[in-house]
Amino acid sequence: MKEHKIDFQSLFEANKNYVYSVLFYLIGLLLGTFIYEGIQSESVNSRIHTVLNLTVQNQLLQLFLNRLSVYLILFCITVLMGLFVIGFTLTNCIPIITGCIIGVKLAYYYVSFGMKGIGYSALLILPESAILMTVIIYCIQTSSNLSREVLQSLKKEDTALRSDVKPYLKQYFLYFILLIISAFVNGLLTYGIAPLIKL
């Protein structure tokens, strides 16, 4: 009986865009912690504390709308990159920016509240960022593919691209619906759990 070997190179090639997005997100997390360390001061901490407290104290509808607005900004930027010829080279800016924002939050909670801050982040921030980044990473893959197709069509002076956009539009619509669901779920988590946690 032949032993089936996993071809890691082929597996990587098939999923390299996802791998790169995750790596860039992790780089963003590290950058966020370094940025916080560099800008950390009483005034900065006070502003972050005010913003995060306002977010936690909001009603469910406000939490949902706050998250949805942020998610849709990231979504629109990612979609627009798919329409640019060089968009596929820029799409990984999104996970870096997102990682930086999450990294600043994590660093703030750790520095300000120690182990309690880590527990808070594990319960609220990490699940939220995981749900968001899963959808955004798939959206990045779609935009990268569309951008490459736009580039190829311009090289070949192909006018048939318009008919090939439909599958991408369907995928974008699916991601849009998933982001709405994600915003609601994350808002619900914050609304339900945050008041129970005493920092």
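Check the entry above for the structure.
Heads up: these notes are all about the structure in this document. (Residues numbered from 1 in each chain as written. Predicted model: local features only at pLDDT ≥ 70, side-chain atom pairs only at ≥ 80, totals over all residues. Heavy atoms only, no water.)

**Quick look at helix 7 (residues 166–193)**
Stage number 1. End to end, helix 7 covers 40 Å across 28 residues, agreeing with the expected 40 Å (1.5 Å per residue, within 8%).
Stage number 2. Among the residues of helix 7, those classed as buried are Tyr168, Tyr172, Tyr175, Leu179, Ser182, Ala183, Asn186, Gly187 and Thr190. (Helix = DSSP H or I, 4+ residues; strand = E, 2+ residues; numbered from the N terminus. Expected span 1.5 Å × (residues − 1). Buried < 20%, exposed > 50% of the residue type's maximum accessible area, 1.4 Å probe, protein only.)

**Thoughts on the nonpolar core**
Stage number 1. Formed by 35 residues in total, the largest nonpolar core has its most connected members in Phe75, Ile136 and Tyr172.
Stage number 2. Contributing elements (two or more residues each) for this core: helix 1 (8–39), helix 2 (42–57), helix 3 (60–83), helix 4 (93–113), helix 5 (115–155) and helix 7.
Stage number 3. Once residues lying within four places of it in the same chain are set aside, the contact partners of Tyr172 are Phe75, Val79, Gly82, Cys139, Thr142, Ser143 and Leu146. (Core = buried A, V, L, I, M, F, W, Y, C linked by side-chain atoms within 4.5 Å. Contact = heavy atoms within 4.5 Å.)

**Overview of the environment of Gly32**
Stage number 1. Mapped onto the secondary structure, Gly32 falls in helix 1.
Stage number 2. A residue is classified by how much of its surface remains accessible, and Gly32, at 0% relative accessible area, is buried.
Stage number 3. When the C-alpha atoms of Gly32 and Gly99 are compared, they prove to be 6.8 Å apart, with 67 residues separating the residues in sequence.
Stage number 4. Excluding its chain neighbours within four sequence positions, the residues that come into contact with Gly32 are Cys100, Gly103 and Val104.

**Considering a nonpolar patch on the surface**
Stage number 1. Residues Phe173, Leu174, Ile177, Leu178, Ile181, Phe184, Val185, Leu188 and Tyr191 make up a contiguous nonpolar surface patch of about 790 Å² in total accessible area.
Stage number 2. Position of Phe173 among the secondary structure elements: in helix 7.
Stage number 3. With relative accessibility at 54%, the residue Phe173 sits in the exposed group. (Patch = residues over 30% accessible without salt bridge, like charges linked within 9 Å, V, L, I, M, F, W, Y side chains within 5 Å. Areas by Shrake-Rupley, 256 points an atom, 1.4 Å probe, with all protein chains shown as cover. Salt bridge = Lys/Arg side-chain N within 4 Å of Asp/Glu carboxyl O.)

**Notes on the environment of Ser147**
Stage number 1. With respect to the element layout, Ser147 can be found in helix 5.
Stage number 2. Between the C-alpha atoms of Ser147 and Leu80, which are 67 residues apart in sequence, the distance is 9.4 Å.
Stage number 3. Once you skip the residues sitting within four places of it in the chain, Ser147 turns out to touch Met81, Gly82, Phe84, Val85, Ile86, Gly87 and Phe88.

**Quick word on the packing of aromatic side chains**
Think of a pair of aromatic rings as described by two things: how far the centres are apart, and how the planes are tilted against each other in angle.
Stage number 1. Evaluation of the coordinates by the stated rule reveals eight aromatic pairs.
Stage number 2. With 5.2 Å between their ring centres and 55° between their planes, Tyr18 and Tyr138 make a pair best called tilted. One end of the pair, Tyr18, is in helix 1; the other, Tyr138, is in helix 5, and 120 residues separate them in sequence.
Stage number 3. With relative accessibility at 41%, the residue Tyr138 sits in the partly exposed group.
Stage number 4. Arranged with centres 6.2 Å apart and planes meeting at 45°, the rings of Phe75 and Phe176 form a pair that is tilted. Placement of Phe75 in helix 3 and of Phe176 in helix 7 is noted, with a sequence separation of 101 residues between them.
Stage number 5. An aromatic cluster of three or more residues is present, and its members are Tyr36, Tyr108, Tyr109 and Phe113. (Phe/Tyr/Trp six-rings, centres within 6.5 Å; stacked < 30°, edge-to-face > 60°.)

**A word on helix 3**
Stage number 1. Relative to the 34 Å expected for 24 residues at 1.5 Å per residue, helix 3 spans 35 Å between its end C-alpha atoms, a close match to the ideal helical length.
Stage number 2. Residues Leu63, Phe64, Arg67, Leu68, Tyr71, Leu74, Phe75, Thr78, Val79, Met81 and Gly82 constitute the buried set of helix 3.

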